[in-house]
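Spelled out from the first residue to the last, the chains are:
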Amino acid sequence: MKVLMLNGSPHKEGCTWRALCEIAKELEKEGIESEILHIGGQQVWGCMGCGACGTLGKCVHDEDLVNTAVAKMKECDGLIVGSPVHYASASGAITSFLDRFFYCGGSAAAHKPGAAIARRAGTTATLDQLNKYFTFNQMPVVSSQYWNMVHGRSAEETVQDEEGMQIMRTLGRNMAWLLKCIEAGRKAGITVPEAEPEKKR
């Protein structure tokens, strides 16, 4: 089993990355692989709603990592999205990225567990924003013992946030537990729910 992690911070090895690493360590203890894909340091196109992905099977914008992430998600069993907090919201890069990721490749993540983590004040609003991508896509949302948040102005300071690091470790264990439950269900013949034809207003 494998979990894809998206680092939406412009700082490749900053606070968000350090929190994701703490989760990755717990997943590894449970025999689950993970990969951190840094997308916050590049220019990311916003979705234009052109609908071309319905024909092409991928986003028309190939300059960033959206299509790469969708391809990776097809091979992964869970998704964790990490973001700094910018004006009490997720970063602009991760927001644009996820708009396109789910619009053109949501089927690759459907019914797979998802979790969001964020840093500093404004976290609850940010988590609410990010979790909506999961719930819209029929993904079980993985929680921890508190809001999935860490504090610190640098990766080094983040490590000193003992509560935040514990929250990340608990999140990693909960993700591993849910992935194993889903795998056990699959082996027992339990499949994902059959979808009804979508109704539009």
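Every value quoted in this text rests on a predicted model; they were computed, and no experiment measured them. (Residues numbered from 1 in each chain as written. Predicted model: local features only at pLDDT ≥ 70, side-chain atom pairs only at ≥ 80, totals over all residues. Heavy atoms only, no water.)

**Q** Got a sec to walk through the sheet that holds strand 3 (residues 78–83)? Specific residues and values, please.
**A** With respect to topology, five strands assemble into an open sheet ordered 2-1-3-6-7, the strand pairing being parallel. If you trace the sheet from one side to the other, it starts and ends with strand 2 (33–38) and strand 7 (149–150), each paired once. Note that strand 6 (residues 114–119) and strand 7 share two bridges and pair parallel. Opposite A118, over in strand 7, you have M149 as the bridge partner. Where helix 1 (residues 15–29) meets the sheet, its contacts fall on strand 1 (2–7), strand 2, strand 3, strand 6 and strand 7, and the angle it forms with strand 1 comes to roughly 170°. (Pairing = 2+ DSSP bridges. Helix = DSSP H or I, 4+ residues; strand = E, 2+ residues; numbered from the N terminus. Contact = heavy atoms within 4.5 Å. Axes fitted to C-alpha atoms, helices over the stretch in contact; angles between N-to-C directions.)

**Q** So, the side chain of T16: which residues are in play, and what are the values?
**A** Take T16: it is sitting in helix 1. Residue class for T16 comes out buried when judged on its relative accessible area of 4%. Apart from residues lying up to four places away in sequence, T16 is in contact with N7, S9, G82, S83, P84 and I117. (Buried < 20%, exposed > 50% of the residue type's maximum accessible area, 1.4 Å probe, protein only.)

**Q** Just give me the short version of the pairing of strand 3, but keep the residues and values in it.
**A** With six of six residues buried, strand 3 lies mostly within the body of the structure. The two faces of strand 3 match: G78, I80 and G82 on one face and L79, V81 and S83 on the other face are all buried.

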